[in-house]
Amino acid sequence: MGEFMATAVFPGSFDPVTTGHMDLIERAAAIFDRLVIGVLANSSKTPLCTVEERVQLLKELTKDMPGTEVLSFDGLLVDFVDSTGADTIVRGIRSPADFEYELPLAQANYKLNCKADTLFLATKPEYSYISSSAVKELARYKGDIKGFVPGSVYQFLMQKCNYLDS
């Protein structure tokens, strides 16, 4: 019998990485043998952190999670999924609005690559209000982002957004 390794891709811009992202990463890593965290270099968004910074932060946060790796990508998600040999795309769902947004994308991705199904993980209720966009906005206006992001990300953003100068 051949060795089957279930591989999933968890894509996102992770700008910045939130406690909600980390919860989903931990849960997905427990389900799959290999979890590739795909950091999207999204040119249509104004990033708070560079792609390199996001990859570095995620590598640090997942260093003790066996079977996880962090890679950046641009272009089509299905091409990235193909390049990793993954058979599943993991997406987090916080609300019905997220589902309405994600479902057509999942269907289109499946149409483009029938080897990759999308698995939706519902976020835990305590993370349902957390989004990178909200954290970015708070950070830009020097709001308190503690609890929204992991400790190392908080420290990084404190320095990056010059909180320490204020």
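Conventions adopted
- Residues numbered from 1 in each chain as written.
- Predicted model: local features only at pLDDT ≥ 70, side-chain atom pairs only at ≥ 80, totals over all residues.
- Heavy atoms only, no water.
- Helix = DSSP H or I, 4+ residues; strand = E, 2+ residues; numbered from the N terminus.
- Rg over C-alpha atoms; globule rule 2.2 N^0.38 Å.
- Contact = heavy atoms within 4.5 Å.
- Areas by Shrake-Rupley, 256 points an atom, 1.4 Å probe, with all protein chains shown as cover.
- Lys, Arg positive; Asp, Glu negative; His and termini not counted.
- Charge placed at Lys NZ, Arg CZ, Asp CG, Glu CD.
- Salt bridge = Lys/Arg side-chain N within 4 Å of Asp/Glu carboxyl O.

**Student:** Is there a simple way to think about the overall build of the protein chain in this case?
**Tutor:** Of regular secondary structure, the protein chain possesses six helices and five strands. Taken over the C-alpha trace, the protein chain has a radius of gyration of 16 Å; the compact-globule value for 166 residues is 15 Å, and the two agree within 12%. Dimensions of the protein chain, computed from C-alpha atoms along their principal axes, come out at roughly 60 × 35 × 30 Å. Here the contacts in the protein chain between residues at least 6 apart in sequence split such that 75% fall between residues at least 24 apart. Entry remark: accessible area of the protein chain is about 9,100 Å², with carbon and sulfur atoms responsible for 54%. A gap of 4 Å separates the mean positions of the 16 positive and 22 negative side-chain charges of the protein chain.

**Student:** Before we go on, may I ask you to explain the pattern of salt bridges in this structure?
**Tutor:** Should the charged atoms of two oppositely charged side chains come close, the side chains can pair. Under the definition given, this model contains nine salt bridges. Glu69 serves as the salt-bridge partner of Arg34, at 2.8 Å between the closest nitrogen and oxygen. Of the two residues, Arg34 sits in strand E2 (residues 34–40) while Glu69 sits in strand E3 (residues 68–73), which places them 35 residues apart along the sequence. Here the salt bridges do not stand alone but share partners, grouping Asp23, Arg27 and Lys124 into one network.

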